[in-house]
Amino acid sequence: MSHDHVLLAIIDADPHGGEYVPARRLSDVEWEIIRSPLYATEVASGDIIRVTNAETGKFEIVRRGGNVCVQFYLGENEADNVKVTASIAEQIEALIKPFNGGIDATTAGLISITIPVAVGFQAIEGIFEIAVEKSPGAQWQYSNVYDPVSGEPLGWWNE
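A. Quick look at the sheet that holds strand β3 (residues 30-33). Spatially, the five strands line up as an open sheet ordered β1-β2-β3-β4-β5, and their pairing is antiparallel. Each edge of the open sheet is held by one strand with a lone partner, namely β1 (4-10) and β5 (58-63). Here the average twist between neighbouring strands, direction ignored, is 50°. One ladder, built from three bridges, connects β3 with strand β4 (residues 48-53); its direction is antiparallel. Following the sheet pairing, W31 is matched in β4 by I49.

Structure below.
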């Protein structure tokens, strides 16, 4: 599949920034996200977005793709280690593969993961409890489940 990259705003960072994410152009302003982002929030693989400001990467959701994005942060002692990050990503991939999940991106100390929301939040949380046990000091967060500013659930999975 041919793809390009779209700039997504990282609004919960200080200062605000942006992340280029693999995406398929659908129109001048609409894109389908191909891989969940490492840093940007509110979006996951399969989502259709409309870019409202191409310079800043500000966007709005047009349609959800039915996936949850999880960002997994390694502990402080492993945060700069690319080899350890790759090893932990392989362990997580083994846990999520039976649920049709996948690793979308990695950088030293951070892993982006996509899992279908149909798996259920309880199962997803169980997977990441195991992953944290295998990687002491690690933490994880849902990237597109809670509003990054208010912390309120986005609720798109109920629509």
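Here the narrative resumes, following the displayed structure.
B. Spotlight on the pattern of salt bridges. Overall, the coordinates contain four salt bridges when judged by the stated rule. The salt bridge involving R64 is made with D47; its shortest N-O contact spans 3.3 Å. Of this pair, R64 sits in the loop between β5 and β6 (67-73) while D47 sits in the loop between β3 and β4, placing them 17 residues apart in sequence. Owing to a relative accessible area of 0%, D47 belongs among the buried residues under this scheme. Through salt bridges with shared partners, a single network forms among E30, R50 and E60.

C. Helix α1 (residues 82-96), seen in detail. If you check α1, its first and last C-alpha atoms are 21 Å apart, about what 15 residues at 1.5 Å a residue would give, namely 21 Å. If you check which residues of α1 are buried, you get T85, I88, A89, I92, L95 and I96. The arc that holds every buried residue of α1, seen down its axis, measures 115°, which confines them to one face. Exposed and facing more than 90 degrees away from the buried side of α1 are K83, E90 and A94. Looking at the buried side of α1, the elements it contacts are β6, β7 (102-107), β8 (110-116) and α2 (121-134). Here α1 starts with a cap whose side-chain oxygen sits 3.0 Å from the backbone nitrogen of K83, and that cap is N81.

D. Geometry of the nonpolar core. By size, the foremost hydrophobic cluster in this structure holds 21 residues, and its most contacted members are V68, F72, I92, I111, I113 and F128. Every element with two or more residues in this core is listed here: β6, α1, β8 and α2. For this core, the element with the highest residue contribution is α1, accounting for five residues. Non-local contacts of V68, meaning those with residues more than four positions away in its chain, are made with A44, I113, T114, I115, V117, F121, I124, Y142, N144, V145 and W156. W31, A40, V43 and V51 belong to the second largest nonpolar core, which has twelve residues in total.

E. Just α2, in detail. If you check α2, its first and last C-alpha atoms are 20 Å apart, about what 14 residues at 1.5 Å a residue would give, namely 20 Å. Buried residues of α2: I124, I127, F128 and A131, and no others. All buried residues of α2 fall inside an arc of 90° around its axis, so they share one side. α2 presents Q122, E129 and E133 as exposed residues on the side facing more than 90 degrees away from its buried surface.

Rules of the game
- Residues numbered from 1 in each chain as written.
- Predicted model: local features only at pLDDT ≥ 70, side-chain atom pairs only at ≥ 80, totals over all residues.
- Heavy atoms only, no water.
- Pairing = 2+ DSSP bridges.
- Helix = DSSP H or I, 4+ residues; strand = E, 2+ residues; numbered from the N terminus.
- Axes fitted to C-alpha atoms, helices over the stretch in contact; angles between N-to-C directions.
- Salt bridge = Lys/Arg side-chain N within 4 Å of Asp/Glu carboxyl O.
- Buried < 20%, exposed > 50% of the residue type's maximum accessible area, 1.4 Å probe, protein only.
- Expected span 1.5 Å × (residues − 1).
- Arc of directions from axis to C-beta.
- Contact = heavy atoms within 4.5 Å.
- Polar contact = N/O pair within 3.5 Å; in protein donor to acceptor, adjacent residues only side chain to side chain.
- Core = buried A, V, L, I, M, F, W, Y, C linked by side-chain atoms within 4.5 Å.

The analysis is restricted to geometry; functional conclusions fall outside its scope.
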